[in-house]
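# Examining the three-dimensional arrangement
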Amino acid sequence: MAEGDSGSAFQAGRTGLIVRIPEAESAIGGWREQWDPSARAGVPAHITVLFPFLDESRVDAAVHSALADVLGRHQAFDLRFERCGRLPGVSYLVPEPATRLRRLTEAIVGCWPEAPPYGGRHTEIVPHLTIAQGQEDAVTEEIEADLACRLPFMSRVTSVELIVHDGTKWQERASFALGD
């Protein structure tokens, strides 16, 4: 979920929008618990739609209504995970096709331009399901070898979750259904 320093990402009141990928838990749950700080902080296997989103103090009924409207205009869709990818310091599963995920992010940023993806640190939106952060190449190679026999798998995306950090853990606060 959070790129970079997890200390600054895991602040009370910080929010994010994610797509849960429960089908990934059996394949990567153990790796995430060991190597992904967001897993240890209560975030399930997921693809980030937008992080950070608005501070929790700004997320009121009007924001919930607007999110429901914006996300409800997007149809549910299927993702396939058949390979691993790497970003600097991040090992991840590649969701295919990624276009629909990018469109979700772009639609939300279109309504809340003050909340750019990754706080504006990255210009390109790269949908990904983080497995590990900050690991050595040997660990990445071990993860990729382990996953070779666990891939591919599919996941149906039907909603986007709003999560908030309560000062200790990430908690789901709302779920917004995509269209049928």
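Before reading on, note that the structure itself is shown above.
This is a predicted model, so every value here is computed, not measured.

Moving on: the sheet that holds strand β5 (residues 129–133). The strand order across the open sheet built from 4 strands is β5-β4-β3-β6, with neighbouring strands paired in antiparallel fashion. Each edge of the open sheet is held by one strand with a lone partner, namely β5 and β6 (153–157). The sheet shows a mean angle of 35° between the axes of neighbouring strands, taken without regard to direction. Here strand β4 (residues 90–96) runs beside β5; their pairing, made up of 4 bridges, is antiparallel. For S91, the partnering residue across the bridge sits in β5 and is A132. Here helix α6 (residues 137–147) sits on the sheet and contacts β3 (77–87), β4 and β5; the angle it forms with β3, its principal contact strand, is near 150°.

Our focus in this paragraph is empty space enclosed by the protein. Scanning all chains against the criterion turns up 1 cavity of 30 Å³ or more. T48, V49, T105, Y118 and I125 are the residues nearest the centre of the largest cavity, which is lined by 13 residues in total. Residue assignment for the lining of the largest cavity shows that the elements contributing at least two residues are β2 (46–50) and α5 (99–111). When residues of the lining of the largest cavity are assigned to their parent elements, the largest contribution, 4 residues, is made by β2. Residues that form the lining of the largest cavity fall into these classes: 10 nonpolar, 2 polar and 1 charged.

Further remarks concern the nonpolar core. Membership of the largest hydrophobic core comes to 43 residues, with the highest contact counts inside it found for F53, L93 and I108. When sequence neighbours within four positions are dropped, the list of residues in contact with I108 reads L17, V49, L50, F53, L67, V70 and L71. Residues A9, I18, F51 and W170 belong to the second largest nonpolar core, which totals 8 residues.

Compared with an ideal rise of 1.5 Å per residue, which puts 13 residues at 18 Å, α5 spans 19 Å between its outermost C-alpha atoms and is within 8% of the ideal. Among the residues of α5, L101, L104, T105, I108 and V109 are the ones counted as buried. Buried residues in α5, looked at end-on, bunch into an arc of 125°, giving them a common side. Looking at the buried residues of α5, the elements they touch are β1 (15–20), β2, α4 (61–72), β3, β4 and β7 (159–165).

Right, let's talk about the packing of α4 against α5 for a bit. Following both chains from N to C, one finds α4 and α5 inclined at 140°, their axes separated by 10 Å at the closest point. Read as a crossing pair, α4 and α5 show a hand that is right-handed. Seen from α4, the contacting residues are L67, V70 and L71; seen from α5, they are L104, A107, I108 and C111. Partitioned by chemical class, the residues of the contact of α4 with α5 number 7 nonpolar, no polar and no charged.

A separate point is the pairing of β6. Residues F153, S155 and V157 point to one face of β6 and are all buried, whereas M154 and R156, pointing to the other face, are not buried. When β3 meets β6, the two strands line up antiparallel, connected through 5 bridges. For L79, the partnering residue across the bridge sits in β6 and is S155.

Attention now moves to the sheet that holds strand β8 (residues 170–177). Taken in spatial order, the 4 strands line up as β2-β1-β7-β8 in an open sheet, and their pairing is antiparallel. Every other strand in the sheet has two partners, leaving β2 and β8 as the edge strands with one partner each. Across the sheet, the mean angle separating the axes of adjacent strands is 35° when strand polarity is ignored. Direction of pairing for β7 relative to β8: antiparallel, over a ladder of 7 bridges. Residue H165 lies in a different strand from β8, and its bridge partner there is W170. Those strands touched by α4 are β1, β7 and β8, and its axis lies near 55° from that of β8.

Thresholds, definitions, all that
- Residues numbered from 1 in each chain as written.
- Predicted model: local features only at pLDDT ≥ 70, side-chain atom pairs only at ≥ 80, totals over all residues.
- Heavy atoms only, no water.
- Pairing = 2+ DSSP bridges.
- Helix = DSSP H or I, 4+ residues; strand = E, 2+ residues; numbered from the N terminus.
- Axes fitted to C-alpha atoms, helices over the stretch in contact; angles between N-to-C directions.
- Contact = heavy atoms within 4.5 Å.
- 1 Å grid on protein atoms, 1.4 Å probe; cavity = no way out; pocket = protein on both sides within 12 Å on 5 of 7 lines; lining within 4 Å.
- Points joined across faces, edges and corners; volume = space filled by probe spheres on them.
- Nonpolar A, V, L, I, M, F, W, Y, C, P; charged D, E, K, R; others polar.
- Core = buried A, V, L, I, M, F, W, Y, C linked by side-chain atoms within 4.5 Å.
- Buried < 20%, exposed > 50% of the residue type's maximum accessible area, 1.4 Å probe, protein only.
- Expected span 1.5 Å × (residues − 1).
- Arc of directions from axis to C-beta.
- Left-handed = near helix turned anticlockwise from the far one by under 90°.

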